Amino acid sequence: MSKLLNLNRLAYFTTVIEAGSFTAAADRLNVAKAVVSHQVGRLEEELAVTLLVRSTRRVRPTDAGRQFYERASQLLREAESAFADVARHTEEPTGLLRLTAPLDYGTAVVAETIATYLKTYPQMRVEANFDDMVSNLVDDERDLGIRVGWLADSSNVSRKIGTFHQVVVASPALAARLGPVSPADTPRLPWIGNEALKHIGRLSFSRGDEQVLTEFSPLVTCDKTAAVYACMRSGIGLGIFPDFSIAAEVQSGRLVRMFPDWLLPSGGIYAVFPPARFRPAKVRAFVDLLAETERRRSAARKMSQPSA
C-alpha cells in the first residue's frame, strides 16, 4: 500500500499525459527526461499494468492508464488542497484557542489581551480557563498555558514574555495606623500569609547595594490570593501581591504601597506550550500580543519604580 501512495510518481505520470510527451513533462517539472521516464516505469511496475503507450513523438494512455489518470489527478488535487489548508493554518490564526492562566494574572492582563486578539482576528474563538491550579496542558487539551512565578522542571516548552515584581500593600487605614516603617520592622508588623508564595514568612528586600533578609509570623494564612486580598483590604494586615494585580489600586490611592523604596525579588511570566515540533499560528499570534502587553507594562513600571 505504501508504494501506491507515492504522490511524486502520480505527479510525474499525470504530467506526462497532460503535456503529451516525456520531454514536455520534464520541461514542465524542471527535471531530466530520464527521471520522468524512470518514475513512470516504476509506477507501472508497482501496479503491474501498462499505463502509457510510447512512440517516438508522443505517448498516449492505455485504457487502464486513462482510468488511472482520472483517479490520480483527483487525488493530487485533493492533496494540494489539504496542503494549502494546512499552510493557511500556519499563516493565519483560525479555529479555537484553548488557554489557561492564573486567576489574578488572567483577570488583570490576559482578559484584555483576549479582547485585542479577537478584534485582530475576528474569525477566532477563545476558551479561557483562569484558575490557580496548574493545568496539565496535554491531558486538558490546552493549546497554551500562562505561568506566573518560578517554573518547575517540565517536558513542556516555555517562552519568557515578561516579569513582575512582588509588592507589599496595605489598606489606607492600616498604613496610617502603622506610620513610616522599614524592612527591619517586618517581624513586629501584622501580616497575611499566602501559601502560594515560595517562602511564606520569609522576605528578601533590596535597595541598591543594600539587602535585608527578614521573617514574620502571619496573623492569618490563606491558600488563595483572592482570600489574602480580602483580608488585606479589611485591614487585618499587610499583603504581598504581584504588581500587575494591584497597580491600579495603588495609583488611585485605594491601597498603599509599603516600603516603596525597597524591592522584593521579581518573578517571570511565561507562555508554556505542550510538547510539539511546531506552534500553530493561533498560538503564536496570541503570545506575540501578550508579549507586547508585557513590554508596555514593563516600560510603565520602569518609569514609576525606585532605582534598584
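Trainee: Whenever I open this one, the pairing of strand S11 (residues 239-242) confuses me. Can you help?
Mentor: Here is the key point about a regular strand: its side chains alternate between the two faces of the sheet. Judged by which residues are buried, S11 turns out to be covered on both faces: Gly239 and Phe241 on one side and Ile240 and Pro242 on the other are all buried. Where strand S6 (residues 157-170) and S11 come together, four bridges link them in antiparallel fashion. The residue bridging Val169 from the neighbouring strand is Gly239, located in S11.

Trainee: Teacher, can you tell me more about the packing of aromatic side chains here?
Mentor: For any pair of aromatic rings, geometry is given as the distance between the ring centres together with the angle between the planes. Evaluated as defined, the whole model comprises nine aromatic pairs. On the basis of an interplanar angle of 85 degrees and a centroid distance of 5.2 Å, the ring pair of Tyr117 and Phe286 is categorised as edge-to-face. Taken together, the positions of Tyr117 in helix H5 (residues 103-120) and Phe286 in helix H9 (residues 281-304) put the pair 169 residues apart, joining distant regions of the chain. Judged by relative accessible area, Phe286 falls into the buried class, the value being 0%. Summarising the aromatic geometry, the rings of Phe205 and Phe259 are spaced 5.1 Å apart at their centres and angled 65 degrees between planes, so their arrangement reads as edge-to-face. Taken together, the positions of Phe205 in strand S8 (residues 202-207) and Phe259 in the loop between strand S12 (256-257) and strand S13 (266-273) put the pair 54 residues apart, joining distant regions of the chain. Comparing Phe205 with Phe259 shows no difference in burial state: the two are buried. Members of the aromatic cluster, joined through ring pairs, are Trp191, Phe205, Phe216 and Phe259.

Trainee: Where do I start with unusual backbone geometry in this structure?
Mentor: Peptide bonds are mostly trans, and most non-glycine residues show a negative phi. With phi around 60 degrees, Ala48 is a residue other than glycine that occupies positive phi space. You can see Ala48 is positioned in the loop between helix H3 (33-47) and strand S1 (52-54). With a relative accessible area of 71%, Ala48 lands in the exposed category. The phi angle at Glu141 is positive, at roughly 55 degrees, despite the residue not being glycine. Relative to the helices and strands, Glu141 is located in the loop between strand S4 (125-130) and strand S5 (144-149).

Scoring rules and cut-offs
- The residue count restarts for each chain, going from 1 along the sequence in the order it is written.
- In view of the model being predicted, local features appear only for residues whose pLDDT reaches at least 70, and side-chain atom pairs are presented and counted only at 80 or more, with totals across whole chains, interfaces and linings using the full set of residues.
- With hydrogens and water stripped out, all remaining heavy atoms of the structure feed into the side-chain values.
- Buried residues are those whose accessible area, probed at 1.4 Å on protein chains only, stays under 20% of the maximum for their type, while exposed residues exceed 50% and partly exposed ones sit between those limits.
- Helix numbers and strand numbers start at the N terminus; a helix is a DSSP run of H or I with at least 4 residues, a strand a run of E with at least 2.
- Strands are labelled as partners when DSSP assigns at least two bridges between them.
- Each aromatic pair joins two rings of Phe, Tyr and Trp (for Trp, the six-membered one) with centres within 6.5 Å, and gets the label stacked for planes under 30 degrees apart, edge-to-face for over 60, and tilted for any other angle.

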